[in-house]
Each structure stands twice: as structure tokens, then as C-alpha cells.
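If you want the building blocks of each chain, they are given just below.
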Amino acid sequence: MIKLQFCGAARTVTGSCHYLDTGNLKILIDCGAFQGSDELEDMNRAPFPFDPAEIDYVILTHAHYDHVGRLPLLVKQGFKGRILSTQPSRDLADIILQDAAKLQEEEYTRWMAVHKSSGEKGGGANVNKPLFDLDDVMRTIERFDVYPYGNSINLKEGVEFRMRDAGHILGSAMIELWVKNALGRIRKIVFSGDLGQPGQRIVRDPDLIREADYVLVESTYGNRIHKSKDETILEFLTVLKEAQKDHGNVIIPTFAIERAQEVIYELNLFYENKLIDSMPVYLDSPMALQATDVFKRYPTFYDEDARRLLEKGDDPFSFPDFKMISSVDDSKRLATRSGVVIMAGSGMCNGGRIIHHLDNNLSKKNTHVIFVGYQVKGTLGRAILDGEPQVNLKGHKVDVYAKVHTLGGFSAHADMRDLMYWLRAFGHSPRQVFIVHGEETVAEGFAANVLEELRLNAHVPIHEEVVELD
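Criteria and thresholds
Every chain is numbered on its own, with residues counted from 1 as its sequence reads. Local features in this predicted model are restricted to residues whose pLDDT is 70 or higher, and side-chain atom pairs enter the listing and the counts only when it is 80 or higher, whereas totals over whole chains, interfaces and linings include all residues. Note: side-chain values were computed over all heavy atoms of the structure, leaving out hydrogens and water. Here a strand is any run of E in DSSP of at least two residues, a helix any run of H or I of at least four, and the numbering for each starts at the N terminus. For the radius of gyration, the atoms used are the C-alpha atoms, and the globule rule reads 2.2 Å times the number of residues raised to 0.38. Think of it in three bands: with a 1.4 Å probe and only protein chains considered, a residue is buried below 20% of the maximum accessible area for its type, exposed above 50%, and partly exposed in between. Any pair of residues with heavy atoms lying within 4.5 Å of one another is described as a contacting pair. In this description, accessible areas are obtained by the Shrake-Rupley approach with a 1.4 Å probe, and a residue is regarded as covered only by the protein chains that are shown. Only four residue types enter the charge count, namely Lys and Arg as positive and Asp and Glu as negative; His and the chain termini do not. We put the charge of a Lys on NZ, of an Arg on CZ, of an Asp on CG and of a Glu on CD. Here, nonpolar core refers to any group of buried Ala, Val, Leu, Ile, Met, Phe, Trp, Tyr and Cys residues whose side-chain atoms link them within 4.5 Å. UniProt positions are given in the numbering used here, feature names are shortened, and annotations may be inferred rather than shown by experiment. Here, expected helix span is obtained from the residue count minus one, scaled by 1.5 Å. Our arc is simply the arc of the directions from the helix axis toward the C-beta atoms. Here a strand pair is declared whenever DSSP counts at least two bridges between the two strands. Here the axes come from fitting lines to C-alpha atoms, over the contacting stretch only for helices, and the angles between their N-to-C directions go from 0 to 180 degrees. Classification of ring pairs rests on two measures: the distance between centres of Phe, Tyr or Trp rings, Trp counted by its six-membered ring, which must be within 6.5 Å, and the angle between planes, read as stacked under 30 degrees, edge-to-face over 60 and tilted in between. Lysine NZ or arginine CZ positioned within 6 Å of the ring centre and within 35 degrees of the ring normal marks a charge as sitting over the ring.

### Observations regarding the overall build of the protein chain
Thought 1: Along the protein chain, the regular secondary structure elements total 15 helices and 22 strands.
Thought 2: Radius of gyration (C-alpha) of the protein chain: 22 Å, near the 23 Å computed for a compact globule of 470 residues.
Thought 3: The principal-axis extents of the C-alpha atoms in the protein chain amount to approximately 70 × 60 × 40 Å.
Thought 4: Across the 470 residues that make up the protein chain, the buried fraction comes to 59%.
Thought 5: Partitioning the contacts of the protein chain with sequence separation of at least 6, the portion at a separation of at least 24 is 76%.
Thought 6: With an accessible surface of roughly 19400 Å², the protein chain has 48% of that area assigned to carbon and sulfur atoms.
Thought 7: On the protein chain, the mean spot of the 54 positive side-chain charges and the mean spot of the 68 negative ones are 1 Å from each other.

### A few points about the nonpolar core
Within soluble globular proteins, side chains that are nonpolar generally end up buried alongside one another.
Thought 1: In terms of nonpolar packing, the biggest core is built from 104 residues, with Leu155, Leu177, Phe236 and Met343 touching the most fellow members.
Thought 2: Of the residues forming this core, the biggest block, eight residues, is contributed by helix H8 (residues 259-272).

### Observations concerning the UniProt feature "domain: Beta-Casp" (unreviewed entry) in the protein chain
Thought 1: In the numbering used here, UniProt assigns the feature "domain: Beta-Casp" (unreviewed entry) to residues 260-384.
Thought 2: Helix makes up 42% of residues 260-384 and strand 13%. Its end C-alpha atoms lie 20 Å apart.

### Here we look at helix H15 (residues 440-454)
Thought 1: Between its first and last C-alpha, H15 extends 21 Å over 15 residues, near the 21 Å set by a 1.5 Å rise per residue.
Thought 2: All buried positions along H15 are accounted for by Val442, Ala443, Phe446, Ala447, Val450 and Leu454. All buried residues of H15 lie within an arc of 135 degrees about the axis, which places them on one face of the element. Across H15 from its buried face, at more than 90 degrees, point the exposed residues Thr441 and Glu452.
Thought 3: Close packing links the buried residues of H15 with strand S11 (214-218), helix H14 (416-424), strand S20 (432-436) and strand S21 (458-459).

### Let's talk about the sheet that holds strand S19 (residues 403-406)
Thought 1: In spatial order, the strands read S14-S13-S15-S12-S16-S19; together these six strands make up an open sheet with parallel pairing. If you trace the sheet from one side to the other, it starts and ends with strand S14 (322-325) and S19, each paired once. Sheet twist, expressed as the mean angle between neighbouring strand axes with direction ignored, is 20 degrees.
Thought 2: Bridging between strand S12 (residues 250-253) and strand S16 (residues 368-371) involves two bridges; their strand directions are parallel. Considered in S16, the bridge of Ile251 is made with Val369.

### Notes on the packing of aromatic side chains
Thought 1: Tallied over the entire structure, the rule returns 13 aromatic pairs.
Thought 2: Relative to Phe410, the ring of Phe236 lies with its centre 5.5 Å away and its plane at 90 degrees, an arrangement referred to as edge-to-face. In this pair, Phe236 is assigned in helix H7 (residues 229-246) and Phe410 in the loop between S19 and H14, connecting sequence segments 174 residues apart.
Thought 3: When its relative accessible area of 1% is taken as the criterion, Phe410 is described as buried.
Thought 4: In this structure an aromatic cluster arises from ring pairing among Tyr19, Phe48 and Phe50.
Thought 5: Positioned above the aromatic ring of Tyr401, the side-chain terminus of Lys365 is 5.9 Å from the ring centre.

### With respect to the pairing of strand S2 (residues 18-21)
Thought 1: Residues His18 and Leu20 of S2 are buried on one face, and the alternating residues Tyr19 and Asp21, pointing to the opposite face, are buried as well.
Thought 2: Strand direction decides the pairing type here: strand S1 (residues 2-6) and S2, joined by four bridges, are antiparallel. Bridging from a neighbouring strand, Phe6 pairs with His18 of S2.
Thought 3: Of the strand pairs in this sheet, S2 and strand S3 (residues 26-29) are connected by four bridges, and their pairing is antiparallel. If you follow Asp21 over to S3, its bridge partner there is Lys26.
Thought 4: Counted between consecutive antiparallel strands, the loop separating S2 from S3 contains four residues, among which Gly23 sits at a positive phi close to 100 degrees.

Here it is in C-alpha cells:
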């Protein structure tokens, strides 16, 4: 009997991890970190509902932290198998996990210093201790094997897998698995990973898959429709011009991978086509700088728009008014600037350099804050997006007078219409569709739509639920 367990991203957006026991092999699809509220973050310290030492393979859909963030913990707790991914995913995972290890160590050091100076007995020291360190990350990256899209790989007799382009970020993949059940019949299981929306500038559109017995599909934006790319670009340009007129700053909380590069790409086109006067743009994210270097290494993964620019000799990630910030001192100096665009991490404002830029700018009426990605419940980004008049920043309250914008067209996630289009390609072949990677009400609403419109059985699993696939 084939068993599938939902060990993350079940009725929540983050923590993607699906455990498959085929009878011959034990496989994880992703092993990501939970992000958002304290309750979600605490789940990263809960024991795995399986023995890491028994896992044969981890197959990665892509390198975002909520899909790779617990890999070093898995290795630390005894995993000795192989991690399968595309080459860009491997390189990006290395950057993200190293950054996470350093941040955890820095936060723990600060926490210990505060509690030591206050004379407290630090009973929560174990709770705040880093989940993993740089040595764990190094051992994790050593376990990677990389594969191209489209190649069918035999893992073991009765188990075969293939990666297809998910169009989400560079190197992202949806996973096709063929598994022989106890009766010798082949069952095909498809894991969507995170699906991109068609028409992105850099990555290609998601592949369509024509048949499967079981499908796991994400539902992050399963209850809404993004604005079109043209509407999004026009709104972006309008915000920039308004900020320039008011001598205000544009603050963009930026996910280091894909979103940063997509925004830089559009700004490059604005300046090249003289749609905006000189307005300095600062990318204040060391991780985004490293990720951009990875993007430059793999142009064969680009969509035709980006390839055409390269063929003309145009670097899509550079223009005269664009400056990359690496040092902390240079980052702090941006507090004195006005009439500039500042892109900084983290994308959900739950840490990183974006915090001091928001601290310096949120209370100014001529500031514009642009969100270009999903904001998980419990994050600072979600509080600002939801219109909270005051937010907590660096231990004090800050009034929010800035104008807040959401540019959903920059999202690397498919919207409700895109998700339905992708599912419709399967026809009526799936026996069951599992709705994952979405907030509970969103996932349940999307499941109802799948049943009503596509006449497919749709189920929203709970955390650690186990189902048997015949």
C-alpha cells in the first residue's frame, strides 16, 4: 500500500513537506520551514513524524525557504539519502540555507546577551537555539544530485520520477512520480510545488501535465485573480512617478529570489525606454545579490523575453541608476536619502534590512510601500497590508502614514484562474486532488470550486494526516 502523509503546508501556506512511503522507498517532496506567527515558527522545532534516517530521497520542487528550510535539520537528525533537484535550485538552496544559519546564530547571540545582561536565568535558551549551523548546511549541500527537466529517472524498481518546469522561480519544478502498488499496478502522483503565473518576464510558463492518478496542488492564491501584467506595470510606473513628484521614497519588501529579479527587470525597461526620469534604485539585500548572480549563470532557464534582451547585449539586471548595497554601513546611510527606490529583504518583513527602512519611512506620508509577494498571517508585512494604523518595529510602535500598494501581478504564484487552468489539463483522470499550501479558508474554498467546476474529488488535508493511495 502506498502511503502519503502531509507533514507541512496543510491548511497553511508554509512548511511544505510531503512524505511518501511506496513500500520500496521512503521519499520526501520538500522539507521546508514554517514561517509567520510564533505558533507556526514553533512547529519547526517539533519532531518529524517520520525517522529522518529512514528517508531514501528528498525531491525538491524549488529553493524557497518554506520548501528547503528544514533540510539541514533533517541531515542533522540522521538523513543519509540523496536530495534531488535542478541545478539552479541546488545553488539557490545553498545561498538561502547559509543565510538562515547565520541569521539564527546572530539572533541567538543577541537573545543570550539581552537575557544575560538582565540577570534572567535563560530558561528559553533551548527554544531560541539555532536549528542548524553552517556545518549542517555544508553537509546538506553535499547530498544534492542535480537533474534537468524532462528526464525520467528510475530511482528503484517500481519507482520513477521526472521534473517539469513549474514556472515559479528559476529552476522550480513540479514532480511526477510513477509508483508500483502492491498489486503491481502503476500509479502516477503529481506534486505541483508552487506554480508560477504565465507571462512572467524571466522564467518560462508552467508545463501542463495531461494525466495523473493523484494530484497535490498548491492554493496560495486560490481565492483571487491577479491584475494583468500590463495593469501591474502601469500601476508600478504610476507609483514611481507619484513618489518622484512628492520627493518620497518607494520601499519594496523583496523576496531575494525571483521577485527581486523581476522588479529589477521592469525597472531596467522603464529607464531604457525613458518612461521615468532619474530615480536611484538600491537593492539592499546581500542574499538577493547572490541570487542574481545565480540567475546570470543559467540563461537557458529563461523565458523568451529575457533571452531576447541578452541576445541584444542588454543585461536585464543592470541599468545606470541601479546600485547594489552590501555593507551594513551603506545600508544605514540610505536613511538620509529621499526620492529613491529601496528594495530590501525580507519579503514578508519578518527580519532583515527591510526593518530599518520601514522604521525610517513608514510614518512619512510621502512614502510608498509596495508589496510584490504573498504576506503570511502573523508577519509584519501582513499587518501593514491589512491596514494596521500602528505596528511594532524594533521594540517600539510606529504610526503607519505611508501609502501601501499591492502589485499582485508580480507574484510568482498562479492565481485561482491559473490553478484551475492547470488542473483542467488533467481532464478527468485524477482519482483525488489534494489541496495544499494555502490558508485554511482559501484551500477549502478552492477545493469546493475544483469539485463544482471540474468534477474532481478535492480534499484539504490536515497537518500530519495520512492517506492510503491504492
